Amino acid sequence: MAQKKNQEPLKDKFKALDLQEKESNCFKYQYGQERSIHEVYCPIPCTVLEGLGETMTSQTKQNEELVIKRQGLKNAMIATHFPSHLIDKGEMLKILTVSKTEETAAKTRPQIHPKEKYVTFLIDTEGGKNASSKQLLKNPKLKKHGPLCVYGLRGEKLREALTRDGRFMAIVMTEKCKLVDKDNVNILTRQLVDRLDGRHFQITLDRKKTEGNNGDGCSENPGIIPVQDTSQSNGPDEENTDDDLLKPQMCLKNEEFGKIRQSFSEVFRLQDLINSGKSVCKVDVGGAVCGTGFVLFHNYVLTNAHLFENPCAQSKMQLSVKVKCIFNYVHPTGGDVFEINAKKELIDHQHNPDPSKRALDYAILELDLKTLKPNNRKLPPGLLCKYGPVPHTGETCLVGHPGGGVQRLDPTWIIPRDNRKSMESVLMIKVNNDLVTYDTCFFHGSSGSPVFDAFGRVFGLHTAGITYETPKTSYNVMEYAHSLEDILESFVRRLKEDGSEELLGQVEEVVRNDVFLHQLLFWPRPSDDEPVPMQI
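Residues numbered from 1 in each chain as written. Predicted model: local features only at pLDDT ≥ 70, side-chain atom pairs only at ≥ 80, totals over all residues. Heavy atoms only, no water.

## Comments concerning the overall build of the protein chain
Moving on, step 1. What the protein chain contains, in helices and strands, is 11 helices and 23 strands.
Moving on, step 2. Across the 536 residues in the protein chain, those meeting the buried criterion constitute 51%.
Moving on, step 3. Sequence-distant contacts in the protein chain: of pairs separated by 6 or more residues, those separated by 24 or more amount to 69%.
Moving on, step 4. For the protein chain, the accessible surface area stands at approximately 25,900 Å², while carbon and sulfur atoms represent 49% of it. (Helix = DSSP H or I, 4+ residues; strand = E, 2+ residues; numbered from the N terminus. Buried < 20%, exposed > 50% of the residue type's maximum accessible area, 1.4 Å probe, protein only. Contact = heavy atoms within 4.5 Å. Areas by Shrake-Rupley, 256 points an atom, 1.4 Å probe, with all protein chains shown as cover.)

The following block contains the structure:
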């Protein structure tokens, strides 16, 4: 009865969103040594972990991770973010737990796509040629539990699918790694996944590739900072200086950097970014401070809170100086520029400058439409309708006004969380896992720039850079953004607390067609007293 009571309203909501019933699914599972069988009904596509619900996550200890095995598919292990509608209807899953390791990475929820866009394939946990003695999995305890079931999106490269999976060591994503099937057919990590559906592979390594780099001093993996080994003394006449320590700069593999240039040089992608750039503005704070912002929805602009004085002094902050947003500043002569003033009161803000903490750094301005100059112009559309999830890795592009100058684009590459560890240990700093990191030439004046993925979707708010100070100089190590998802959660939560029903309704109307975002921001969280809908 509990299942019917809780799931019917769920289905009604999604029927209102015109979702197809064919994407629903139902599967069964057994947990640990229990003999009882539980049934899970997923009315819409979601991840397996979301289908299992909070009961499963609450049963898992903090130092444990789930092992989910498909009993109908060679007991292959799937990731917790595996799309639920890729599991056969009525299929039985076996769920176990193993101890976490330091290398075990937290998973970010991927965007869910229709079933026909996916392929799935198996990879043995035991390595093949030149790989049998290598650690291929972040958690070695998974090795004895059978093959891994990996999913990929048609049109993406194998390397991207393996990176998103999150269970493989960095060496598996390099050019020296190949997948080999039973017919001894080699698949390179740069090949597309489209023809891999239903196949079973083993990982092999090519000895011809050098172990740590590609011959030019750059790491095999984009985003890794090659760190000098300081464990041995250089001798009495040599001394390690700060310059020597940081001399190996962050660099991208030539092939990967070419991929960035290729993706963002394609005309349709470039045109899409230019169109999105119309919603990006220069933020002038009293003529003394400048930053960047972008229209989020209607006449509301999102930027960084640190542009304003004492942003967290009170819940509702009155601006003490004139703040104006300048749009279409794309030519040094000004050209077709127009500007509009912000109202005196910030709609919402949060600010904590410490990148090791989870606190955010954002402010939402309300533009005064009466001050639009020239008054025959219209505000560009908001970018909230172009929201996208945070990618694990891959290309990204910033659009902003660095130095307060004309609008610029900077294509770059995301630095994955795992690849920050060497830098953090050498520089003795800590970067919060919720931040998205990358290397960009956008510095002062670019705070508040939107960060786009390779598909032109905005997923982050460019905020600041992390520097390493020495007595002689300072180094820009990397830059970071807060995810738009975290900002929106905070913003909507504040609106609910303040009872701002009208503005809350405007936000909900904009995100209504984005199933994941609408669910994240507006669906009620189940309480501990509610019956669990997945058990029978």
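From this point, things continue past the structure.
## Some remarks on the sheet that holds strand 17 (residues 361–366)
Moving on, step 1. Across the sheet, seven strands lie side by side as 15-14-11-12-13-17-16; this open sheet has antiparallel pairing. On the outer flanks of this sheet lie strand 15 (338–341) and strand 16 (348–351), each paired with one strand and no other. Recorded for the sheet is a direction-independent mean angle of 30° between the axes of neighbouring strands.
Moving on, step 2. Relative to strand 17, strand 13 (residues 300–303) is paired through four bridges, and the arrangement is antiparallel. For Leu302, the partnering residue across the bridge sits in strand 17 and is Ile364.
Moving on, step 3. Sitting on the sheet, helix 9 (residues 484–498) is in contact with strand 12 (289–297), strand 13, strand 16 and strand 17, with an inclination near 125° to strand 16. (Pairing = 2+ DSSP bridges. Axes fitted to C-alpha atoms, helices over the stretch in contact; angles between N-to-C directions.)

## Focus: the environment of Leu398
Moving on, step 1. Here Leu398 lies in strand 18 (residues 395–400).
Moving on, step 2. For the pair Leu398 and Leu409, spaced 11 residues apart in the sequence, the C-alpha separation amounts to 5.6 Å.

## Side note on the pattern of salt bridges
Moving on, step 1. What the rule picks out here adds up to 13 salt bridges.
Moving on, step 2. A salt bridge links Lys343 to Glu366, with the shortest nitrogen-to-oxygen separation between them at 3.3 Å. Here Lys343, found in the loop between strand 15 and strand 16, pairs with Glu366, found in strand 17; they are 23 residues apart in sequence, far enough to count as distant.
Moving on, step 3. When its relative accessible area of 35% is taken as the criterion, Lys343 is described as partly exposed.
Moving on, step 4. The exposure class assigned to Glu366 is buried, which follows from its relative accessible area of 17%.
Moving on, step 5. Put simply, Glu508, Glu509 and Arg512 are held in one network by salt bridges that share partners. (Salt bridge = Lys/Arg side-chain N within 4 Å of Asp/Glu carboxyl O.)

## Focus: the packing of aromatic side chains
Moving on, step 1. With the rule as written, the count across this model stands at five aromatic pairs.
Moving on, step 2. Here Phe327 and Phe338 contribute two aromatic rings whose centre-to-centre distance is 5.4 Å and whose plane-to-plane angle is 15°, an arrangement assigned as stacked. Taken as a pair, Phe327 in strand 14 (residues 323–327) and Phe338 in strand 15 lie far apart in primary sequence, 11 residues in all.
Moving on, step 3. Among the residues examined, Phe338 registers a relative accessible area of 5% and is labelled buried.
Moving on, step 4. Clustering of aromatic rings is evident, with ring pairs tying together Phe82, Tyr118 and Tyr151. (Phe/Tyr/Trp six-rings, centres within 6.5 Å; stacked < 30°, edge-to-face > 60°.)

## Regarding the pairing of strand 6 (residues 118–123)
Moving on, step 1. Of all six residues making up strand 6, six are buried, and the element is well covered by its neighbours.
Moving on, step 2. Residues Tyr118, Thr120 and Leu122 point to one face of strand 6 and Val119, Phe121 and Ile123 to the other, with burial holding for every one of them.
Moving on, step 3. Summarising the sheet, strand 6 and strand 7 (residues 148–153) pair through six bridges and their orientation is antiparallel. Paired with Thr120 across the bridge in strand 7 is Tyr151.
Moving on, step 4. Pairing geometry for strand 6 and strand 10 (residues 200–205), over two bridges, is parallel. Paired with Leu122 across the strands is His200, a residue of strand 10.

## Re the packing of helix 9 against helix 11 (residues 515–522)
Two numbers describe a pair of packed helices, the interaxial angle and the distance between the axes.
Moving on, step 1. Direction vectors running N to C along helix 9 and helix 11 enclose 40°, while the axes themselves pass 9 Å from each other. The angle between the axes of helix 9 and helix 11 places the two elements in the oblique class. Helix 9 and helix 11 meet at a crossing whose hand is right-handed. The segment helix 9 lies against helix 11, with Glu485, Leu488, Glu489, Val492 and Lys496 engaging Phe516, Leu517, Leu520, Leu521 and Phe522.
Moving on, step 2. Among the residues making up the contact of helix 9 with helix 11, the classes are represented as seven nonpolar, no polar and three charged. (Parallel < 35°, antiparallel > 145°, perpendicular 65-115°, else oblique. Left-handed = near helix turned anticlockwise from the far one by under 90°. Nonpolar A, V, L, I, M, F, W, Y, C, P; charged D, E, K, R; others polar.)

## Topic: the packing of helix 10 (residues 501–511) against helix 11
Moving on, step 1. In the contact formed by helix 10 and helix 11, the axes pass within 9 Å of each other and the chain directions differ by 155°. As the angle between them shows, helix 10 and helix 11 are arranged roughly antiparallel. Residue-level inspection shows Leu504, Val507, Glu508 and Val511 of helix 10 in contact with helix 11, the latter providing Leu517, His518 and Phe522.
Moving on, step 2. Split into classes, the residues belonging to the contact of helix 10 with helix 11 amount to five nonpolar, one polar and one charged.

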